[in-house]
Amino acid sequence: MKIFKNIFLVCCTLFLLQSCIVSSKPNIEFFSKSNYDFQDAQFASFNVPLFLAKPYIKKALREEGESEAAIAMVKKVSKIKMMTVANGSEEMLKDYANYLRDNNYEDWATIKHDGDNVNIRVKQKGDMINNMLITVNSKKDMVFLDVKGSFSADDISRMITIASDK
């Protein structure tokens, strides 16, 4: 019985951690469901298991001296997908922006930091923001974050202010 219990626990743990596996296939909708020719672009994507990540993120933010507003934002996140693209093109990024505009995403902020562009786009229903897409563009390398949760406009404004002040 003890061996069966241990095998069951190992299987459950592996099932929960399967989203940590890095994939070479895109996990962001525009990239995974389109017939777009990405040429030489190379993808690396994974889903972040929040039950493991939230405590570490909060601890790191406190150690860096971030405000409690930034830490409170982490509590409102329900799902995060991350994808990196190497050898991406500006044309691909423009087509992605057009796709988001066509799917009712609003462009909320563009932050320039050390030669990188950070774009924040949101999709909302009423006063609540359900989905936030963050794009970091650095010449040929790009990072895409798809953050789902329940945010208010004030939460996003505070996050943008915190990021802009650095």
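Residues numbered from 1 in each chain as written. Predicted model: local features only at pLDDT ≥ 70, side-chain atom pairs only at ≥ 80, totals over all residues. Heavy atoms only, no water.

Quick word on the overall build of the chain
Moving on, step 1. Secondary structure assignment for the chain yields 6 helices and 6 strands.
Moving on, step 2. Of the regular secondary structure in the chain, the N- to C-terminal order runs α-α-β-α-α-β-α-β-β-β-β-α.
Moving on, step 3. Looking at the chain as a whole, 33% of its 166 residues qualify as buried.
Moving on, step 4. Here the contacts in the chain between residues at least 6 apart in sequence split such that 56% fall between residues at least 24 apart.
Moving on, step 5. Looking at the chain as shown, the accessible area adds up to about 10700 Å², and 56% of this sits on carbon and sulfur atoms. (Helix = DSSP H or I, 4+ residues; strand = E, 2+ residues; numbered from the N terminus. Buried < 20%, exposed > 50% of the residue type's maximum accessible area, 1.4 Å probe, protein only. Contact = heavy atoms within 4.5 Å. Areas by Shrake-Rupley, 256 points an atom, 1.4 Å probe, with all protein chains shown as cover.)

Some words on the pairing of strand β2 (residues 77–86)
The side chains of a regular strand alternate between both faces of the sheet.
Moving on, step 1. Relative to β2, strand β1 (residues 42–48) is paired through 7 bridges, and the arrangement is antiparallel. By the bridge assignment for β2, Ser45 is matched with Met83.
Moving on, step 2. Two elements, β2 and strand β6 (residues 141–151), share 8 bridges in a ladder whose sense is antiparallel. Residue pairing across strands places Val85 opposite Met142, the latter belonging to β6. (Pairing = 2+ DSSP bridges.)

Re the packing of aromatic side chains
Moving on, step 1. All told, the structure shown has 1 aromatic pair when counted by the stated rule.
Moving on, step 2. Judged by centre distance (5.0 Å) and plane angle (80°), the rings of Tyr96 and Phe144 are edge-to-face. On the criterion of sequence distance, the pair formed by Tyr96 in helix α5 (residues 90–102) and Phe144 in strand β6 is long-range, its members being 48 residues apart.
Moving on, step 3. What makes Tyr96 buried here is its relative accessible area of 2%.
Moving on, step 4. For Phe144, a relative accessible area of 1% puts it in the buried group. (Phe/Tyr/Trp six-rings, centres within 6.5 Å; stacked < 30°, edge-to-face > 60°.)

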